[in-house]
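Spelled out from the first residue to the last, the chains are:
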Amino acid sequence: MENLKIPHHIGIIMDGNGRWAESRGKKRTYGHKHGSDNVDRIASYAFERGIKVVSLYAFSTENWQRPKEEVDELMRLLSVYFKRFLSKFVKNKIKVKIMGDVSALTPKLQKEIGDILEKTKDFDGGVLCLGINYGGRQEIVNAVNSLIKNDQPVTVENISNNLYTAELGEPDLIIRTGGEYRLSNFMLFQGAYSELYFTDVLWPDFDENELEKAIESFSGRTRRVGKVL
Ligand code: IPE
Ligand code: IPE
Ligand code: MG
């Protein structure tokens with residue numbers, strides 16, 4: 001455990017809440033409740049292990065297509081989450097960032113998000129970046145459009161600088177729980193050279209030990225980035 005190479009930035013596609021609940025004979029929303037409780041446990045452990053940036057996929061641009069009851073519950077849980085953890089973020093000096101188009105959220109949620117961004121903006125104890133109404137394709141399209149609008153050349157560097165994660169850089173490791181082997185529109189540009197880790201463990205069951213396994217796997221990888229090493 002001591003000599004592991006620790007990623008600077010990890011991204012997590014937190015998948016499997018619905019199946020976790022259904023396997024217990026409960027409604028999908030029950031799984032989302034447990035899934036949201038798990039965010040704090042895993043983010044805290046990640047920071048404890050020396051990871052500096054944790055980017056979490058909470059709600060995709062495609063997730064609006066779910067039943068209204070489920071979407072409403074996910075939005076409600078986000079609001080509860082921000083309230084519940086505000087004091088913790090402040091205490092641990094965690095800076096909160098958002099990736100995604102928040103203009104589609106309710107004014108109340110937008111206000112809560114604005115408050116938390118403001119209160120944590122100067123913190124340097126780690127960054128928790130939450131993907132809410134986030135889609136990697138839309139993010140790239142928006143970045144390119146903004147370059148065109150400002151008469152700037154469309155280059156890899158300029159696109160990077162116009163993504164939501166401009167100051168956060170690229171994830172070294174992307175973890176997906178829940179047994180699916182796909183990115184589902186998560187960090188498409190930033191993930192070009194991320195190491196990928198897939199596990200069948202459903203998000204509410206993904207505990208500290210599971211994160212440790214992902215770090216161990218990352219630590220054993222050789223990142224060539226196209227070179228011969
Ligand atoms: C959580 O898991 C991901 C979110 C969109 C919040 P899911 O709700 O996709 O759970 P499964 O994949 O249906 O089990
Ligand atoms: C990806 O999970 C989105 C989040 C984890 C927020 P989904 O469950 O929405 O992805 P698909 O439908 O399996 O691709
Ligand atoms: Mg899913």
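Small disclaimer: the values here were computed from a predicted structure and weren't measured.

Colleague: So what about the pattern of salt bridges? Which residues, and what values?
Modeller: Inspection of every chain in the model, using the stated rule, returns 25 salt bridges. For Asp172, the salt bridge identified is with Arg223, shortest N-O distance 3.0 Å. With Asp172 in the loop between helix H6 (156-160) and strand E5 (173-176) and Arg223 in the segment after helix H7 (208-219), this residue pair connects regions lying 51 residues apart in the sequence. The exposure class assigned to Asp172 is buried, which follows from its relative accessible area of 17%. Connected through shared salt-bridge partners, Asp15, Arg19, Arg176, Glu180 and Arg182 make up one network.

Colleague: Can you break down unusual backbone geometry residue by residue, with the values?
Modeller: Not every positive phi belongs to a glycine, and Ser184 is a case in point at roughly 45°. Along the chain, the position of Ser184 falls in the loop between E5 and strand E6 (195-198). Phi at Val225 is positive, roughly 45°, even though this residue is not glycine. Structurally, Val225 can be placed in the segment after H7.

How each quantity is defined
Residues numbered from 1 in each chain as written. Chains lettered and ligands numbered in written order. Predicted model: local features only at pLDDT ≥ 70, side-chain atom pairs only at ≥ 80, totals over all residues. Heavy atoms only, no water. Salt bridge = Lys/Arg side-chain N within 4 Å of Asp/Glu carboxyl O. Helix = DSSP H or I, 4+ residues; strand = E, 2+ residues; numbered from the N terminus. Buried < 20%, exposed > 50% of the residue type's maximum accessible area, 1.4 Å probe, protein only.

These figures capture arrangement, not role.
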